[in-house]
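Observations on the three-dimensional arrangement
Residue-level listing of the chains:
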Amino acid sequence: MRHRVKQKTLDRKGEARKALMRGLATSVILYENVNTTLAKAKAVRPLVEKLITKGKTKSLESRRNLMKVLLVENAVNKTLEELGPRYANRAGGYTRIIKLGRRKGDGAEIAQIQLVK
């Protein structure tokens, strides 16, 4: 039973799930919109929100915390220099999920996760 278990497993072991979330979060920050399955979009949303909130304060500590999660230095720089100032006056809600329909092969529900302008 899944009592008090809040994290979605996405049918993966812990390390594979962590790598998937890191890669997806990096892509969302770099490209600002990514097409993926609805379950993955819902799972990565809190991670992206927390990363952007960390990026609001431009300090060495926040840079190091972002570097622990994001895979590419460009994503860290973009978070600190572009996204942090863009959302400085916004108290959360930096992403939106738009449902796009179902994938033809397996019927999985596809969604687009994007950063709000």
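Data block above holds the structure.
Below, the structure is looked at part by part. All values derive from a computational prediction rather than experimental measurement.

Digging into the overall build of the chain
Helix and strand content of the chain: four helices and three strands. Element order for the chain, N to C, with α for helix and β for strand: α-β-α-α-α-β-β. Here the C-alpha atoms of the chain give a radius of gyration of 15 Å, agreeing with the 13 Å that 2.2 N^0.38 yields for 117 residues. In terms of principal-axis extent, the alpha carbons of the chain reach across some 45 × 30 × 25 Å. Counting every position in the chain, which comprises 117 residues, the buried fraction comes to 37%. Pairs at least 24 residues apart make up 54% of the contacts formed inside the chain by residues separated by at least 6 positions. Across the chain, the 28 positively charged side chains and the 10 negatively charged ones have centroids separated by 5 Å.

Notes on the environment of Leu38
With respect to the helices and strands, Leu38 occurs in helix H2 (residues 38–55). Along the backbone, Leu38 and Gln112 are 74 residues apart, and their C-alpha atoms lie at a distance of 7.9 Å. Those residues within four positions of Leu38 in sequence are excluded, and the remaining contacts are Ile97, Lys99, Glu109 and Ala111.

As for unusual backbone geometry
For Leu10, which is not glycine, the phi torsion reads 55° and is therefore positive. Structurally, Leu10 is set in the segment before helix H1 (14–31). Assessed through its relative accessible area of 17%, Leu10 is described here as buried. One non-glycine residue, Glu32, lies in positive phi territory at about 70°. As for its placement among the helices and strands, Glu32 is situated in the loop between H1 and strand E1 (33–37).

Side note on H2
Along its 18 residues, H2 runs 25 Å from first to last C-alpha, staying within 8% of the 26 Å computed at 1.5 Å per residue. Considering bend angle alone, the principal kink of H2 is centred on Val44 and spans about 30°; proline Pro46 follows within four residues of it. Residues of H2 that are buried include every one of Leu38, Lys40, Ala41, Val44, Val48, Glu49, Leu51, Ile52 and Gly55, and no others. Buried residues belonging to H2 abut H1, E1, helix H3 (60–69), helix H4 (73–86), strand E2 (95–102) and strand E3 (109–115).

A look at the sheet that holds E2
By way of backbone hydrogen bonds, the strands of a sheet pair with one another, either parallel or antiparallel. With respect to topology, three strands assemble into an open sheet ordered E1-E3-E2, the strand pairing being antiparallel. Pairing within the sheet leaves two strands with one partner each, and these edge strands are E1 and E2. Looking at each pair of strands side by side, their axes are set apart by 25° on average, direction ignored. Strand direction decides the pairing type here: E2 and E3, joined by seven bridges, are antiparallel. Considered in E3, the bridge of Arg102 is made with Glu109.

Rules used throughout
Residues numbered from 1 in each chain as written. Predicted model: local features only at pLDDT ≥ 70, side-chain atom pairs only at ≥ 80, totals over all residues. Heavy atoms only, no water. Helix = DSSP H or I, 4+ residues; strand = E, 2+ residues; numbered from the N terminus. Rg over C-alpha atoms; globule rule 2.2 N^0.38 Å. Buried < 20%, exposed > 50% of the residue type's maximum accessible area, 1.4 Å probe, protein only. Contact = heavy atoms within 4.5 Å. Lys, Arg positive; Asp, Glu negative; His and termini not counted. Charge placed at Lys NZ, Arg CZ, Asp CG, Glu CD. Expected span 1.5 Å × (residues − 1). Bend = angle between axes of the 7 residues up to and from the residue. Pairing = 2+ DSSP bridges. Axes fitted to C-alpha atoms, helices over the stretch in contact; angles between N-to-C directions.

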